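# Reading the structure
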Amino acid sequence: MKYKSQKVAYWFFAFSMLLLILQITYGFVMGFARIGMDGLHEFIPFNTARAVHTNLLVVWLLSGFMGAAYYIIPEEAQNELVSVKLAYVQLISLAAVGVTAVIGYHFNYWEGRKFLEIPRPLDYLVVVNVLLFLGIILLTLFKGKRRTTTALVLSMGLLFAALLYLPGMIPFDSQVLDSFFRWWVVHLWVEGVWELIMGGILSFLLIKLTGVDREVIEKWLYVIVGLTFLSGVLGTGHHYYYIGVNKIWLIVGGIFSALEPLAFLAMALFAVNMYRKGEKKHPNKLALYWTLGAAIVSFIGAGLLGFAHTLPQTNLYTHGTLVTAMHGHLAFWGAYGMIVLAIISYSLPNLTGRKLYDSSRGRMAFWLANIGMIGMTVAFGVAGVAQVYLERKFGLDFMKVQKEISIHFVVLILCATIFTTGVILYIVDFYKHGTPTDEALESKE
Amino acid sequence: MLSKKQARAFFLGGTLVTFLIFIGLTVYSLSEGNDQSNKENLTASVVRGKEIWESNNCMGCHTLLGEGAYYAPELTKVIDRRGEGYVKAILMSPVPWQPNGRKMVAYGMSKNEAEDVVAFFKWIGKIDLNGFDRIVSPLAKKKINN
Ligand code: HEM
Ligand code: HEM
Ligand SMILES: [Fe+2]
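Scoring rules and cut-offs
Residues numbered from 1 in each chain as written. Chains lettered and ligands numbered in written order. Predicted model: local features only at pLDDT ≥ 70, side-chain atom pairs only at ≥ 80, totals over all residues. Heavy atoms only, no water. Donors = N, O, S within 2.8 Å, 3.2 Å for Na, K, Ca; no water. Helix = DSSP H or I, 4+ residues; strand = E, 2+ residues; numbered from the N terminus. Near = heavy atom within 4 Å. Polar contact = N/O pair within 3.5 Å; in protein donor to acceptor, adjacent residues only side chain to side chain. Contact = heavy atoms within 4.5 Å. Buried area = accessible area lost by both parts, 1.4 Å probe. Salt bridge = Lys/Arg side-chain N within 4 Å of Asp/Glu carboxyl O. Domains from an automatic or database assignment.

### Here's the deal with the coordination of the iron atom of ligand 1
Residue and element names in this part refer to chain A.
- From the protein, the iron atom of ligand 1 takes a single donor atom, His327 (NE2), 2.0 Å away.
- Between the iron atom of ligand 1 and the iron ion (ligand 3) the interatomic distance amounts to 4.4 Å.
- Its location among the elements puts histidine 327 in helix α11 (residues 322–352).

Following this line, the structure appears as structure tokens:
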């Protein structure tokens, strides 16, 4: 680490890991409910487990992104964070809002809007929290010695993510409009501005890990985020096919969302090529695994599996089935889960001074988590395709089909166990690094 | 070879153009003549029904318009499929409904609340879904045709 204030990133990462474990726990609650073991129904019915599972996912990723920004921005801008104290206040208030929301979900305090279950009053607190975060980051950048493309793209992603939260707060009487603008948040996040955040982190990591010239890496970063918006903005149409809006979206959404995988393909090629070009001297092999892994798995999960159901002719049959859950898991994991784990793997040794660069535990964590997650994706996928045929093609009753496919959830739970073992090993590694210390400060060349 | 400046122009230009088209299409598809969301039939009862739907996070188990969770049946066209009485009975039941072993939360709604939710479902059932309703609820179609 080069700046003392970067240490605050550690606590965002630690919070992130805690939520990841909780998210997985609620995933198991749902997995077991699906094979008939729903003993917790009284206290944690499926809809509670699901809201907690998906919201914790979003919050651990956001906390990871924030930690990444607190680590990356000082180094890129060559400036200490403007206020470390406020950064801690921001973390604590983030945790407070998160905990309140999650507890609320157990007591029917929520809004049943997928992914945006946080009730409106708490939304305002989220807004304040994010404003505080952006204030610290943007001021640090503004007052810094240099403004790099990497820092700009990362900050731009974070700023737009905050702005796009707002359309989701507008109240509507019509379910159709509610859903229409909900996608401005959900879709334009994961297939738009979050890709900027991912691109920014990826570019930072590649510059550090491969030693390739910054100018080359940042040029391609522009191309990638250019492709992202070019396809992703109008690609929003793939959620508008069948919710009660005009047919124009079938054409526009179909064409542009079919182009979205290009951005992910570009990201994968970019990462692999920079690695090839680089000097391969950096000792932090684990960070390299996660970095290249994120670029490749996101192409499979988001690019290929997204494409698999994005054309209107296919989506007509798969819309609202477990096929969506298949894609949702590998896409979130590959793109955003893995990039957060990558920046953590890179920064931990620098923050704590313990250079656990290539432990076999760390490598096991990588492989088990990924193999487990790919297995889960296959289990969801087989269940989903069977569901599409039985229910949508042959017209069988919903619950009859669910009984037919419940065996795939046994497989899901087995693969989830492998995945969880990997995650636990990762967290053990995290813990073994100890806490950040000023002794880890390096000279600023 | 592409320069960094050109790459940036590609990013900024592409973003601006697609964003403007996106706003344009949004206005177009929500405008009077093109609206197909059945908004003229939004009654107070439907809105109360939506409120109940939301405040209980029904979408955390069911899908509606194909959106939500995959644990419980799709509810677009549910009134055509099951009839009003059946749906009301489920909503008003004081014990978890579980004809196939999978439990629903016992909401024990009042008659008025259940009627609002039914009104909401009926309203949903009349939205023009570009053909999705025929696929998502083949059983409803069979019932209507017989
Ligand atoms: C990292 C990027 C991505 C993430 C995290 C992601 C995640 C998700 C999630 C969670 C859903 C379910 C949303 C809901 O029903 O509320 C979804 C739906 C969908 N995604 Fe993605 N996605 C990504 C990229 C893509 C890409 C690049 C494509 C297309 C090529 C795509 C195509 C789709 C389609 C068509 C649906 C709708 C499924 C339905 O009709 O039920 N996604 N995505
Ligand atoms: C032990 C591991 C996990 C298990 C057993 C699990 C299980 C599940 C289940 C059963 C659902 C609900 C599907 C339904 O509505 O019926 C779900 C939803 C979801 N999970 Fe997981 N999950 C796990 C880990 C993860 C991880 C690590 C991520 C992200 C990186 C994730 C992301 C999601 C998303 C985005 C959804 C919503 C999908 C959609 O609506 O299409 N899950 N999960
Ligand atoms: Fe999307």
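### Here we look at the coordination of the iron ion (ligand 3)
- For the iron ion (ligand 3), the full set of protein donor atoms is A:His187 (ND1), A:Glu191 (OE), A:Glu191 (OE), A:His238 (NE2) and A:His239 (NE2), at a range of 2.1 to 2.8 Å.
- Each donor residue of the iron ion (ligand 3) belongs to the same chain, with the gaps between them written as H-x3-E-x46-H-H.

### Let's talk about the site of ligand 1
- The local shell around ligand 1 holds 26 residues, among which A:Lys114, A:Asn315, A:His319, A:Thr324 and A:His327 are the closest.
- Flanking ligand 1 are residues from chains A and B.
- Between ligand 1 and A:Lys114, the relevant distance is 2.7 Å, taken from an oxygen atom to a side-chain nitrogen or oxygen of the residue.
- The contact in question runs from an oxygen atom of ligand 1 to an N or O atom on the side chain of A:Thr324, over 2.9 Å.

### Description of the interface of chain B and chain A
- Facing the 67 residues of chain B at the interface are 77 residues of chain A.
- A combined buried area of about 6,400 Å² lies between chain B and chain A, and 65% of that area is made up of carbon and sulfur atoms.
- Looking at the side of chain B facing chain A, the largest losses of area belong to B:Lys4, B:Phe22 and B:Tyr70, adding up to 13% of the total buried there.
- One can count five salt bridges joining chain B with chain A.
- A salt bridge links A:Asp38 to B:Lys103, with the shortest nitrogen-to-oxygen separation between them at 3.5 Å.
- At the surface where chain B touches chain A, the tally comes to 24 residue pairs in polar contact (both at pLDDT 80 or more).
- For the side of chain B that touches chain A, the secondary structure elements donating two or more residues are α1 (4–30), α2 (44–55), β1 (63–64), β2 (67–68), α5 (111–125), α6 (132–136) and α7 (138–145) of chain B.
- The greatest single-element share of the side of chain B that touches chain A, amounting to 17 residues, is contributed by α1(B).

### Details of the domain arrangement of chain B
- According to the domain assignment, chain B contains domain 1 (1–35) and domain 2 (37–145).
- The gap between the C-alpha centroids of domain 1 of chain B and domain 2 of chain B is 37 Å.

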